[in-house]
Amino acid sequence: MTARRGSDAVEPPAEAPVRAGPDPEPDLEPDPRPGRGPDSGPRAAVDDYLRHLADERQLAANTVTAYRRDLADLIEFLDDFTGVEQWGWADIDRRALRSFLGWLSRRGISRRSSARKLSAVRSFLRFLHLEAEIDANPARTLRAPRGDRSLPGHLTPADVRRLFDAAELRAA
């Protein structure tokens, strides 16, 4: 049937065919995002995150490479720490992350580099939390290692004398 409005003819939408019997079961299709699904592991989530950094946040290639390296260190540690062949990000807790910081320290990684790696981990876990991959971010309340502080240098009396002599020469 055609409805008329002024001089334009408008066709009504086609009706869906009527099915007899009970509704079919819904199709359980896998998550369309790459690397997701029952067989995806921790590395697939990291790949998704790195893709997010590069494509959506448009971070520099060197920054994405640094995040990749930092998260690879975390996965290397967690593979040994968990003691199981397959683990997931939901299995990781605050204790595991504190152990990761200790592992970095034992490997001779500076406090500043450890803090940077923790920042990458925090950001990654925040991403997983926002994507509903984990219930909570275990790194949220974890404190970064304090940076090494050195005392300021001092001048010897001979250095002070040379400094003032140089100032007097410039003033003259």
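All of the points below concern the structure found in this document. (Residues numbered from 1 in each chain as written. Predicted model: local features only at pLDDT ≥ 70, side-chain atom pairs only at ≥ 80, totals over all residues. Heavy atoms only, no water.)

## Let's talk about the overall build of the protein
(1) Moving on: Within the protein, the regular secondary structure consists of five helices and two strands.
(2) Moving on: Element order for the protein, N to C, with α for helix and β for strand: β-β-α-α-α-α-α.
(3) Moving on: A buried classification covers 26% of the 172 residues belonging to the protein.
(4) Moving on: For the protein, contacts bridging at least 24 residues in sequence account for 54% of all contacts bridging at least 6.
(5) Moving on: Accessible surface, the protein as shown: approximately 13400 Å² in total, 50% of it carbon and sulfur. (Helix = DSSP H or I, 4+ residues; strand = E, 2+ residues; numbered from the N terminus. Buried < 20%, exposed > 50% of the residue type's maximum accessible area, 1.4 Å probe, protein only. Contact = heavy atoms within 4.5 Å. Areas by Shrake-Rupley, 256 points an atom, 1.4 Å probe, with all protein chains shown as cover.)

## A closer look at the packing of aromatic side chains
(1) Moving on: One pass over the full model with this rule turns up nine aromatic pairs.
(2) Moving on: Relative to Phe100, the ring of Phe77 lies with its centre 5.7 Å away and its plane at 50°, an arrangement referred to as tilted. Taken as a pair, Phe77 in helix H2 (residues 61-82) and Phe100 in helix H3 (residues 94-106) lie far apart in primary sequence, 23 residues in all. Like Phe77, the residue Phe100 is buried in the burial classification.
(3) Moving on: Feature note: the residues Tyr49, Tyr67, Trp87, Trp89, Phe124 and Phe127 constitute an aromatic cluster, connected by ring pairs. (Phe/Tyr/Trp six-rings, centres within 6.5 Å; stacked < 30°, edge-to-face > 60°.)

## Looking at the nonpolar core
(1) Moving on: If you look at the biggest cluster of nonpolar residues, it comprises 31 residues, and the most contacted ones within it are Leu74, Leu78, Trp89, Leu97, Phe124, Leu125 and Leu128.
(2) Moving on: Counting only elements with at least two residues in this core, the list comes to helix H1 (42-56), H2, H3 and helix H4 (111-130).
(3) Moving on: Once you skip the residues sitting within four places of it in the chain, Leu125 turns out to touch Trp89, Leu97, Ile134, Asn137, Pro138 and Ala139. (Core = buried A, V, L, I, M, F, W, Y, C linked by side-chain atoms within 4.5 Å.)

## Observations concerning the environment of Tyr67
(1) Moving on: By the element assignment, Tyr67 lies in helix H2.
(2) Moving on: Taking relative accessible area as the criterion, Tyr67 reaches 17% and is therefore assigned buried.
(3) Moving on: The spatial distance from the C-alpha of Tyr67 to the C-alpha of Ser123 is 9.6 Å, given a sequence separation of 56 residues.
(4) Moving on: In this structure Tyr67 touches Tyr49, Leu50, Leu53, Ala120 and Ser123, once residues within four positions along its chain are discounted.

## A word on the pattern of salt bridges
(1) Moving on: Within this structure, the stated rule accounts for six salt bridges.
(2) Moving on: Here Arg51 makes a salt bridge to Asp48, at a shortest N to O gap of 2.8 Å. You can see Arg51 and its partner Asp48 sitting in helix H1, three residues apart, about one turn around the helix.
(3) Moving on: For Arg51, a relative accessible area of 36% translates into the label partly exposed.
(4) Moving on: Residues Arg162 and Asp159 are paired through a salt bridge, measuring 2.4 Å at the closest nitrogen-oxygen approach. With Arg162 and Asp159 both in helix H5 (residues 157-171) and three residues apart, the pair spans about one turn of that helix.
(5) Moving on: It is possible to trace a salt-bridge network through shared partners that takes in Asp70, Asp73, Arg116 and Lys117. (Salt bridge = Lys/Arg side-chain N within 4 Å of Asp/Glu carboxyl O.)

## Some thoughts on the packing of H1 against H2
(1) Moving on: The contact between H1 and H2 brings their axes to 10 Å, and the two run at 165°. On the basis of their axis angle, the class for H1 and H2 is roughly antiparallel. Where H1 crosses over H2, the two elements pack in a sense that is right-handed. Facing Pro42, Arg43, Val46, Tyr49, Leu50, Leu53 and Ala54 of H1, the residues of H2 in contact are Val64, Tyr67, Arg68, Leu71, Ile75 and Asp79. (Axes fitted to C-alpha atoms, helices over the stretch in contact; angles between N-to-C directions. Parallel < 35°, antiparallel > 145°, perpendicular 65-115°, else oblique. Left-handed = near helix turned anticlockwise from the far one by under 90°.)

## What to know about the environment of Arg43
(1) Moving on: Position of Arg43 among the secondary structure elements: in helix H1.
(2) Moving on: Residue Arg43 is classed as partly exposed on the basis of its relative accessible area, which comes to 46%.
(3) Moving on: Linking Arg43 and Leu71, residues 28 residues apart in sequence, is a C-alpha distance of 9.1 Å.
(4) Moving on: Those residues in contact with Arg43 that lie beyond four places of it in its chain are Ile75 and Asp79.

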